[in-house]
Amino acid sequence: MYSFRELEIWKKSQDFCTSIFRGTSPLPSNQAQINRLELRQLSVLLPTNIALAYQANSKAEFLRFLDFSLGAAYEIQTHLLLTENLDYLTPEQARSLQKEANQIIQMISAIRQQVKAIKYANKAVLFTTI
């Protein structure tokens, strides 16, 4: 693999980021603006940290960037619940975005488990894991 852009998890998180931007566009510009900005900033962290994990020089660094992505995904879920509770998103919109977030969390968690199970991991091993 020559680029993080070839990683399925990066593609999925990039698509999710786009979904967040599109899904939060119709939010009202009053109190929802803060929530919209948070969701968008957090969604950008997903593919960004996956790209940084791709460039990691050690197993620990690789896992740290995946942990950042995982944390951002959980924060997104929390903001989505709040957004839905405040009726800024329809239940259908929120469910769709939550479903995407869950898929990304599952993918990141699976990669983390695979990497943790590897006793020695050089860059080539890490690349084939994701």
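Just so it is clear, the model here is predicted, and its values are computed rather than measured.

Chemist: I keep staring at the packing of aromatic side chains and nothing clicks. Help me out?
Modeler: The geometry of an aromatic ring pair comes down to the distance between the two centres and the angle between the two planes. This model, assessed by the stated rule, comprises 2 aromatic pairs. Measuring from ring centre to ring centre gives 5.3 Å for phenylalanine 4 and tryptophan 10, while their planes differ by 70°; the resulting arrangement is edge-to-face. Here tryptophan 10 falls in the buried class, since its relative accessible area comes to 14%. Taking 6.0 Å as the distance between ring centres and 75° as the angle between the ring planes, the aromatic pair formed by phenylalanine 65 and phenylalanine 68 counts as edge-to-face. Pair noted here: phenylalanine 65 and phenylalanine 68 are both in helix H3 (residues 59-85), with a separation of 3 residues, about one helical turn. On the basis of relative accessibility, which here comes to 11%, the residue phenylalanine 65 falls in the buried class. A cation over an aromatic ring shows up here: arginine 64 above the ring of phenylalanine 65, its NZ or CZ 4.8 Å from the ring centre.

Chemist: Just checking my understanding: could you explain the nonpolar core for this structure?
Modeler: Taken as a class, soluble globular proteins show a tendency for nonpolar side chains to be buried jointly. In terms of nonpolar packing, the biggest core is built from 30 residues, with Ile9, Phe16, Ile20, Leu46, Phe62, Ile76 and Leu80 touching the most fellow members. When residues of this core are traced back to their parent elements, those giving at least two are helix H1 (8-24), helix H2 (32-54), H3 and helix H4 (91-117). Here this core takes 9 residues from H3, the largest share from any one element. In contact with isoleucine 9, other than residues within four places in its own chain, are Ile50, Ile104, Met107, Ile108 and Ile111.

Chemist: What is the right way to read the environment of serine 69 from this model?
Modeler: With respect to the helices and strands, the residue serine 69 is situated in helix H3. In this structure the C-alpha to C-alpha distance between serine 69 and isoleucine 104, which are 35 residues apart in sequence, comes to 9.2 Å. Discounting chain neighbours no more than four positions away, the residues touching serine 69 are Leu45, Leu46, Asn49, Ile50 and Ile108. A polar atom in the side chain of serine 69 sits 3.2 Å from the backbone oxygen of leucine 46.

Chemist: I'm lost on H3 in this one. Help?
Modeler: Note on helix geometry: an α-helix contains 3.6 residues per turn, so any two residues three or four positions apart are oriented the same way. The terminal C-alpha atoms of H3 lie 39 Å apart, and with 27 residues this matches the ideal 39 Å at 1.5 Å per residue to within 8%. Immediately beyond the C-terminal end of H3, within one or two residues, lies aspartate 87, with a positive phi of roughly 60°.

Chemist: Help me understand the pattern of salt bridges in this model?
Modeler: Side chains that carry opposite charge are capable of pairing whenever their charged atoms lie near each other. Evaluated as defined, the whole model comprises 3 salt bridges. Put simply, lysine 11 and glutamate 8 hold a salt bridge, and the shortest N to O gap is 3.3 Å. Taken together, the residues span about one helical turn, with lysine 11 and glutamate 8 both in helix H1 at a distance of 3 residues. You can call lysine 11 partly exposed: its relative accessible area is 35%.

Chemist: Explain the packing of H1 against H4 here, please?
Modeler: Each pair of packed helices gets described by two things: the angle between the helix axes and the distance between those axes. Taken N-terminus to C-terminus, the directions of H1 and H4 make an angle of 160°; their axes are 10 Å apart at the nearest point. Here H1 lies roughly antiparallel to H4, going by the angle between them. The crossing of H1 and H4 is left-handed. On H4, the residues that touch Glu8, Ile9, Lys12, Ser13, Asp15, Phe16, Ser19, Ile20 and Gly23 of H1 are Gln93, Leu97, Glu100, Ala101, Gln103, Ile104, Met107, Ile108 and Ile111. Split by residue class, the contact of H1 with H4 holds 9 nonpolar, 5 polar and 4 charged.

Chemist: Is there a simple way to explain the packing of H3 against H4 in this structure?
Modeler: Between H3 and H4, the shortest axis-to-axis distance is 10 Å and the interhelical angle comes to 160°. Taken as axis vectors, H3 and H4 run roughly antiparallel relative to one another. Two packed elements cross with a definite hand, and for H3 against H4 that hand is left-handed. Tallied by class, residues from the contact of H3 with H4 come to 16 nonpolar, 5 polar and 5 charged.

Parameters at a glance
Residues numbered from 1 in each chain as written. Predicted model: local features only at pLDDT ≥ 70, side-chain atom pairs only at ≥ 80, totals over all residues. Heavy atoms only, no water. Phe/Tyr/Trp six-rings, centres within 6.5 Å; stacked < 30°, edge-to-face > 60°. Buried < 20%, exposed > 50% of the residue type's maximum accessible area, 1.4 Å probe, protein only. Helix = DSSP H or I, 4+ residues; strand = E, 2+ residues; numbered from the N terminus. Lys NZ or Arg CZ within 6 Å of the ring centre and 35° of its normal. Core = buried A, V, L, I, M, F, W, Y, C linked by side-chain atoms within 4.5 Å. Contact = heavy atoms within 4.5 Å. Polar contact = N/O pair within 3.5 Å; in protein donor to acceptor, adjacent residues only side chain to side chain. Expected span 1.5 Å × (residues − 1). Salt bridge = Lys/Arg side-chain N within 4 Å of Asp/Glu carboxyl O. Axes fitted to C-alpha atoms, helices over the stretch in contact; angles between N-to-C directions. Parallel < 35°, antiparallel > 145°, perpendicular 65-115°, else oblique. Left-handed = near helix turned anticlockwise from the far one by under 90°. Nonpolar A, V, L, I, M, F, W, Y, C, P; charged D, E, K, R; others polar.

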